[in-house]
Amino acid sequence: RMVLEGRKFLAAEFDKLGLFHVPSQANFILVQVKRDAEEFSRRLMERGVIVRAMNEFGLPDYLRVSVGTMDQNRRFISEYKKF
């Protein structure tokens, strides 16, 4: 239930931000961040938010965002908006 609710929340937030994301049935979402994902993931890591850049899969501007608790999901969105 947590994953379903979290995935729905993240997808809705990505839509509000105008970010393309791949529909998912998993515990993560691929989202296009329209910038260098490797650098962006490093900057998020410095702020305590761990995501995975998808460069090695030929998607240099995509992040893999794992669905967490609602607090974690909200924190990711908040940190994303700061950049």
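See the structure shown above.
Quick look at the structure, then. (Residues numbered from 1 in each chain as written. Predicted model: local features only at pLDDT ≥ 70, side-chain atom pairs only at ≥ 80, totals over all residues. Heavy atoms only, no water.)

Overview of the sheet that holds strand β3 (residues 59–66)
Working definition: the strands of a sheet are paired by backbone hydrogen bonds and lie parallel or antiparallel to each other. Selection criterion: At least two bridges found by DSSP between two strands are what make those strands a pair. Helix and strand assignments come from DSSP, with helices taken as H or I runs of at least 4 residues and strands as E runs of at least 2, each series counted from the N terminus. Convention adopted: a line fitted to C-alpha atoms gives each axis, helices being fitted over their contacting stretch, and angles between N-to-C directions are expressed from 0 to 180 degrees. Here, residues are in contact when the closest pair of their heavy atoms is within 4.5 Å.
Spatial strand order, β1-β3-β2: three strands in an open sheet with antiparallel pairing. Of all strands in the sheet, those bounded by a partner on one side alone are β1 (28–32) and β2 (52–54). Looking at each pair of strands side by side, their axes are set apart by 35° on average, direction ignored. Along the sheet, helix α1 (residues 2–16) contacts β1 and β3; its crossing angle with β1, the most-contacted strand, is approximately 10°.

So, helix α3 (residues 70–82)
Short version of the rule: Helix span, as expected, comes to 1.5 Å for every residue beyond the first. With a 1.4 Å probe rolled over the protein chains alone, any residue whose accessible area is under 20% of its type maximum counts as buried; one over 50% counts as exposed, and the rest are partly exposed. The directions considered for the arc run from the helix axis to the C-beta atoms.
Helix length check: α3, at 13 residues, gives a terminal C-alpha distance of 19 Å against a target of 18 Å (1.5 Å per residue), a fit within 8%. Within α3, the full set of buried residues consists of Asn73, Phe76, Ile77, Glu79 and Tyr80. Buried positions in α3, seen along its axis, are confined to an arc of 165° and lie on one side of it. Facing away from the buried side of α3, by more than 90 degrees, are the exposed residues Asp71, Lys81 and Lys82. Packing partners of the buried residues in α3 comprise α1, α2 (37–46) and β3.

Observations concerning the nonpolar core
We count it as follows: Buried residues of nine kinds, namely Ala, Val, Leu, Ile, Met, Phe, Trp, Tyr and Cys, make up a nonpolar core once their side-chain atoms join them within 4.5 Å.
Ranked by internal contacts, the top residues of the largest apolar core, which has 19 residues, are Leu10, Phe14, Leu63, Val65 and Phe76. Residues contacting Leu63, with those up to four places away along its chain left out, are Ile29, Leu30, Val31, Val33, Ala37, Phe40, Ser41, Leu44, Val51, Arg52, Ala53 and Met54.

Points about unusual backbone geometry
Backbone geometry places Lys34, a non-glycine residue, at a positive phi of 60°. Here Lys34 shows up in the loop between β1 and α2. Its relative accessible area of 57% is what places Lys34 among the exposed residues.

Remarks on the packing of α1 against α3
Quick reminder of the rule: Roughly parallel covers angles under 35 degrees, roughly antiparallel covers those over 145, roughly perpendicular covers 65 to 115, and oblique covers all other angles. The sense of a crossing depends on the near helix, which, turned anticlockwise from the far helix by less than a right angle, makes the crossing left-handed and, turned clockwise, makes it right-handed. As a working rule, the residues Ala, Val, Leu, Ile, Met, Phe, Trp, Tyr, Cys and Pro are called nonpolar, Asp, Glu, Lys and Arg charged, and the rest polar, with Gly in that last group.
Where α1 meets α3, the closest approach of the two axes is 10 Å, and the angle between their N-to-C directions is 15°. Between α1 and α3, the interaxial angle falls into the category roughly parallel. The hand of the α1/α3 crossing is right-handed. Along the contact surface, α1 presents Glu5, Gly6, Phe9, Leu10, Glu13 and Phe14, while α3 presents Met70, Asn73, Arg74, Phe76, Ile77 and Lys81. Residues that form the contact of α1 with α3 fall into these classes: six nonpolar, two polar and four charged.

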